[in-house]
Amino acid sequence: MAADKFTVESIARVIGGRTEPTDDYWGGSRAIIRIDEDRFTPDATKGLEEFSHLEIIFRFHLTDPTDLNLGARRPRDNPEWPEVGTFGHRNMRRINWLGVSRCRLVKVDGLDLHVEELDAVDGTPVLDIKPWFSEFGPRGEVHQADWATQMLELYFANRD
């Protein structure tokens, strides 16, 4: 199968918040998603204040492209956790370097979206912004691997 190729343009950028991507302690972190004012007017965010959460699609722009790993590896290189393939993990080592984060919308200020717990760092290019609809959440029983629960125990904990 031939790979489809296409161009994606950023529509916003993360301003402030964390400066380094780290494995844990994203709880309480605050940042601004600043939408490109050359292409959008404040009408683009009209009605967004009615939502508590956003789903943000972004590009992992600080990763080393030579660190791509499409095979199986142990999450966080922890020898106690099983090897999982690239699609069994949510890390940045992905062929398109795309991330998805659900964050709390604190305030809409024109084209600035003030958010909490966005696990993207200052300068991150944002590819899309979607309001979170609870009906798009998981349907039915949710389960996950034990290693994922252990790994993410401190992910959204506060640093303090």
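Worth saying up front: this structure is predicted, and the values here are computed from it rather than measured.

What counts and what doesn't
- Each chain has its residues counted from 1, following the order in which its sequence is written.
- Reporting in this predicted model follows two pLDDT cut-offs: at least 70 for local features of residues, and 80 or more for side-chain atom pairs to be given and counted; totals over whole chains, interfaces and linings ignore these cut-offs and use all residues.
- Hydrogens and water are ignored here; the side-chain numbers use all heavy atoms of the structure.
- Helix numbering and strand numbering both begin at the N terminus, where a helix is a DSSP run of H or I of at least 4 residues and a strand a DSSP run of E of at least 2.
- A simple rule labels every residue: compare its accessible area, found with a 1.4 Å probe on the protein chains alone, to the largest value its type can have, and call it buried under 20%, exposed over 50%, or partly exposed in between.
- A 1.4 Å probe that fits but cannot get out identifies a cavity on a 1 Å grid over protein atoms alone, an open set with protein on both sides within 12 Å along at least five of seven lines counts as a pocket, and a residue lines either if it has an atom within 4 Å of a point.
- Grid points are joined across faces, edges and corners, and a volume is the space filled by probe spheres set on the points.
- Under the scheme applied here, ten amino acids are nonpolar (Ala, Val, Leu, Ile, Met, Phe, Trp, Tyr, Cys and Pro), four are charged (Asp, Glu, Lys and Arg), and all others, including Gly, are polar.

### What about the environment of Trp81?
Relative to the helices and strands, Trp81 is located in the loop between strand 3 (53-59) and strand 4 (98-109). According to the relative accessible area criterion, Trp81 is buried, its value standing at 10%. In sequence terms Trp81 and Arg139 are 58 residues apart; their C-alpha atoms lie 27 Å from each other.

### Describing the layout of surface pockets
Sizing a probe to match a water molecule and rolling it over the atoms shows the empty space that remains. Reported here for the largest pocket is a volume of approximately 1200 Å³. Lining the largest pocket are 44 residues, and of these Arg90, Asn91, Asp119, Leu152 and Tyr155 sit closest to its centre. Contributions of two or more residues to the lining of the largest pocket are made by strand 3, strand 4 and helix 1 (146-151). Examining the composition of the lining of the largest pocket, we find that seven residues originate from one element, strand 4, more than from any other. Looking at side-chain class alone, the lining of the largest pocket contains 20 nonpolar, 11 polar and 13 charged residues. In this structure, the second largest pocket occupies an estimated 300 Å³ of space.

Purely geometric stuff here, so don't read any function into it on its own.
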